[in-house]
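# Notes for the structure review
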Amino acid sequence: MQGVRCWAEIDLSALRHNVECVRGALTAGTELIAVVKADAYGHGLEIIAKELLAQGVDVLAVASPREGAQLRIIAPNVRILVLGPVLPDELDLVLRHDLEVIVSSLEDLALFETADRPVRLHLKMDTGMGRLGAENGISLGELYTRVRAHPRFILAGICTHFAAADEDSTLTLEQRKRFYQAMKALPGLDVSTLLIHADNSAGLDYFDASGPCNGVRVGLALYGYPPSSVERFNHVSFKPVMSVHARVGLVKHLPKGSTVSYGATVRLARDSRLAVLTMGYADGFPVSASNRAQVLIQGACCPVLGRICMDLTVVDITDHPGSVARGDLATWMGSQGDVSIDAEELARHAGSISWERLCGVSKRVPRVANEYCVHTQKSDPTMK
Ligand SMILES: *Cc1c(COP(=O)(O)O)cnc(C)c1O
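The notes below deal with the structure included here. (Residues numbered from 1 in each chain as written. Predicted model: local features only at pLDDT ≥ 70, side-chain atom pairs only at ≥ 80, totals over all residues. Heavy atoms only, no water.)

### What about the sheet that holds strand β4 (residues 79–82)?
The cut-off we apply is this: Strand pairing is assigned whenever DSSP identifies at least 2 bridges connecting the two strands. Strands here are runs of E lasting at least two residues and helices are runs of H or I lasting at least four, both read from the DSSP assignment and numbered beginning at the N terminus. Here, axes are lines fitted to C-alpha atoms. For helices the fit covers the stretch in contact, and angles between N-to-C directions go from 0 to 180 degrees. Here, residues are in contact when the closest pair of their heavy atoms is within 4.5 Å.
Within the open sheet, the eight strands sit side by side as β4-β3-β2-β9-β8-β7-β6-β5. Their pairing is parallel. This sheet does not close on itself; its edge strands, each paired only once, are β4 and β5 (101–103). Across the sheet, the axes of successive neighbouring strands diverge by a mean angle of 30°, strand direction being ignored. Direction of pairing for strand β2 (residues 31–35) relative to strand β3 (residues 59–62): parallel, over a ladder of three bridges. Across the sheet, V35 pairs through a bridge with A61, a residue of β3. In the packing of helix α6 (residues 106–113) onto the sheet, the strands contacted are β5, β6 (119–125) and β7 (153–160), and the crossing angle to β5 comes to about 135°.

### Notes on the site of the ligand
Going by this rule: Neighbouring residues are identified by heavy atoms, a residue being near a molecule or strand if any of them is within 4 Å of it. Two N or O atoms count as a polar contact when they lie within 3.5 Å, although within protein this holds only if one can serve as hydrogen donor and the other as acceptor, and sequence-adjacent residues are included solely when both atoms are side-chain atoms. Every accessible area reported is derived by Shrake-Rupley at a probe size of 1.4 Å, with residue values counting cover from the shown protein chains alone. Gly counts as polar in this scheme, as do all residues outside two lists: the nonpolar Ala, Val, Leu, Ile, Met, Phe, Trp, Tyr, Cys and Pro, and the charged Asp, Glu, Lys and Arg.
The environment of the ligand is made up of 14 residues, and the closest members are K37, Y41, S201, R217 and L220. Separating an oxygen atom of the ligand from a side-chain N or O atom of Y41 is a distance of 2.5 Å. Between an oxygen atom of the ligand and a side-chain N or O atom of W355, the distance comes to 3.1 Å. For the ligand, whose free accessible area comes to 390 Å², the fraction covered by protein is 91%. Sorting the residues of the shell around the ligand by element identifies α2 (37–41) and β9 (215–218) as the ones contributing at least two each. Partitioned by chemical class, the residues of the shell around the ligand number six nonpolar, four polar and four charged.

### Comments concerning the pairing of β3
Definition in use: Only protein chains enter the area calculation, which uses a 1.4 Å probe; residues under 20% of their type maximum are buried, those over 50% are exposed, and those in between are partly exposed. By the criterion used throughout, a crossover qualifies as right-handed when its path from the first strand across the helix to the second strand runs clockwise, the strands pointing away from the viewer.
Of the two faces of β3, the one holding V59 and A61 and the one holding L60 and V62 are both buried throughout. For β3 and β4, the ladder comprises four bridges, and the chain directions are parallel. Looking at the pairing, L60 lines up with I80 of β4. Considered for its hand, the β-α-β crossover made up of β3, helix α4 (residues 65–74) and β4 is right-handed.

### A word on α4
Because an α-helix completes one turn every 3.6 residues, residues spaced three or four positions apart along the sequence face the same direction. Within α4, seven of the ten residues are buried, which leaves the element mostly enclosed by the surrounding structure. Listing the buried residues of α4 in full gives P65, E67, G68, A69, L71, R72 and I74.

### A short note on unusual backbone geometry
Look at A38: it is not a glycine, yet its phi comes out positive at around 50°. Mapped onto the fold, A38 is located in helix α2. The partly exposed category is assigned to A38, whose relative accessible area is 34%. Unusually for a residue other than glycine, D98 sits at a positive phi of about 55°.

### Description of the packing of aromatic side chains
So the rule is basically this: Two aromatic rings, drawn from Phe, Tyr or Trp (for Trp, its six-membered ring), form a pair once their centres lie within 6.5 Å of each other, and the interplanar angle then sorts them: stacked below 30 degrees, edge-to-face above 60, tilted otherwise.
One pass over the structure, following the stated rule, counts two aromatic pairs. Ring plane angle 45° and centroid distance 5.1 Å describe the contact between F285 and W332, whose orientation is recorded as tilted. On the criterion of sequence distance, the pair formed by F285 in the loop between β13 (272–277) and β14 (294–297) and W332 in strand β17 (residues 329–336) is long-range, its members being 47 residues apart. Neither F285 nor W332 differs from the other in exposure class; each is buried.

### Details of the pattern of salt bridges
To be explicit about the condition: By definition here, a salt bridge exists when the distance from a side-chain nitrogen of Lys or Arg to a carboxyl oxygen of Asp or Glu is within 4 Å.
On inspection of all chains with the given rule, the structure shows 15 salt bridges. With a shortest N-O distance of 2.7 Å, E46 and K50 are connected by a salt bridge. Here E46 pairs with K50, and both are found in helix α3 (residues 45–54), just four residues apart, close to one helical turn. Owing to a relative accessible area of 46%, K50 belongs among the partly exposed residues under this scheme. For the salt bridge of K177 with E174, the shortest nitrogen-to-oxygen distance reads 3.8 Å. With K177 and E174 both in helix α8 (residues 169–184) and three residues apart, this pair spans about one turn of that helix. Of the residues examined, E174 reaches a relative accessible area of 30% and is grouped as partly exposed. When salt bridges that share partners are traced, they join R79, E100 and R120 into one network.

### Examining α8
Spelled out, the test is: To estimate how far a helix should reach, multiply one less than its number of residues by 1.5 Å. Read the arc as the range of directions from the helix axis to the C-beta atoms.
In a regular helix each residue adds 1.5 Å, so 16 residues correspond to 22 Å; α8 covers 22 Å between its end C-alpha atoms and thus fits that length. Residues T172, Q175, R176, F179, Y180, A182 and M183 constitute the buried set of α8. For α8, the buried positions fall inside an angular range of 165° around the axis, keeping them on one side. Turned more than 90 degrees off the buried face of α8, the exposed positions are T170 and K184. Regarding α8, its N-cap is D168, as a side-chain oxygen of that residue lies 3.1 Å from the backbone nitrogen of T170 further along.

Shown next, in the form of structure tokens:
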């Protein structure tokens, strides 16, 4: 790891803790479908999937057949569910890697009918998301009938997706009701043999243990960001799994009136002390957080000054209580001492959402699994 100047620590003990929190909120027998799409929300597919398998998770969800094929190498024996639509040229990947798929339309079904071996299918209903899924009970019924009649189709599950589980409980309850009603209309449906799933992380808040749902698809909460209103989780605190660190590359003084970085977007109102950090938008530190985000150095918040560059970021250390030096740890996501900055805060500064800030950490940034993650210089991979 010599020469690494911006890296991400993946705290596996935090991941284990979050898995326990989620499981604790579910009734026994409810299947946790762990969502590991987009390189496990930017945390690194292999590191995360291996730990989830060790924790006994046996259904994982990805976005595409290609992601499913990558995961199959790491996880030969688990069920892998592809959340996104399957394009005709991806069918081969689905069959070769034994992936389970979601069906929204007769056109989807026609593709899978061309398969020469059994396919495990989940029917999806659009109850208000307006994205994937059969648009109403009638077309869901038609899909159901055709799946049951086909010799090579295995009906594995039925699902829907909430549009605003973190914001709108009325819509969420309404969607759940439509989902239940649509299932009731399916003749001869035996839900006990199927995986019935609707809830994402935020949906957990309203998980209905008395209904037919026996699975949940959870991503964000596993990575340490709880659903927002979280009554069910009042007593637990999720722990962010990823932290991202860089270094102070240069410390300098600039006189009042100087401008800083590209576009000269800021002019110093006083004589200032600045630190130039070895991280930029090529690492996933977003340009839109220029002049807004904060970075931790020696446990103190330092405001970003001027536009964030591709490989460098300038912060103001004039008010820093310590003496910042070249080589110091600079944390853009994570904690130092009792102070922390999480993906949600960064997202606020960047006009973004925490999901995007997590998967926005770029591929230039090595992911280091740290069992004893202490968020200090001790865990700095460049010192090993
Ligand atoms: C990404 C995704 C999830 C997980 O959502 P979180 O909010 O991260 O828990 C669940 N279901 C579907 C269909 C998804 O695309």
